[in-house]
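Structural overview for review
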Amino acid sequence: MKTIAPCLLALTLGTSALPALAGDDCDAPVDRWQPRDAVLRMAAAQGWQVQRLKIDDGCYEIRGSDAEGRSFKAKIDPQTLAIVKLKHQGQHERKRLREHQP
């Protein structure tokens, strides 16, 4: 019984760190967020048609279609407007893009 407690403690500490490892969450302070209009202008510059703009995991999330008419979902960093994640409908692999700057 004595060996179970350290194992449970290690398991608890290990799982509590998991949310911090999520690579597609945004952590910009709200006072540094760009307005929704700026997000819509960035999307238009990409050739995107926006059907929905919401906030998810501290990021802006856009659902829409790209210039080729393909449906997609994108997470946008609210401070820099960089594309954090982009997934096209039917695409199994997610693209994580931190280097893109509008």
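Higher on the page you've got the structure.
So, here's what we can say about the structure. (Residues numbered from 1 in each chain as written. Predicted model: local features only at pLDDT ≥ 70, side-chain atom pairs only at ≥ 80, totals over all residues. Heavy atoms only, no water.)

Another point: the packing of aromatic side chains. Enumeration over the complete set of coordinates arrives at 2 aromatic pairs. Ring geometry for Trp48 and Phe72: centres 4.6 Å apart, planes at 50°, overall tilted. With Trp48 in the loop between helix 3 (36-45) and strand 1 (49-56) and Phe72 in strand 3 (residues 71-76), the pair connects residues that are 24 residues apart, well separated along the chain. (Phe/Tyr/Trp six-rings, centres within 6.5 Å; stacked < 30°, edge-to-face > 60°. Helix = DSSP H or I, 4+ residues; strand = E, 2+ residues; numbered from the N terminus.)

Considered for burial, the residues of helix 3 that qualify are Ala38, Val39, Met42 and Ala43. Buried positions in helix 3, seen along its axis, are confined to an arc of 140° and lie on one side of it. Those residues of helix 3 that are exposed and angled more than 90 degrees off the buried face are Asp37, Arg41, Ala44 and Ala45. Close packing links the buried residues of helix 3 with strand 1, strand 2 (59-65) and strand 3. After helix 3 finishes, the residue Gly47 shows a positive phi value of roughly 85°. (Buried < 20%, exposed > 50% of the residue type's maximum accessible area, 1.4 Å probe, protein only. Arc of directions from axis to C-beta. Contact = heavy atoms within 4.5 Å.)

Glancing now at the nonpolar core. One recurring pattern in soluble globular proteins: nonpolar side chains tend to sit buried together. Core analysis: the biggest nonpolar cluster contains 14 residues, and Trp48, Ile62 and Ile76 have the highest contact counts within it. It is helix 3 that provides the largest number of residues to this core, a total of 4 residues. (Core = buried A, V, L, I, M, F, W, Y, C linked by side-chain atoms within 4.5 Å.)

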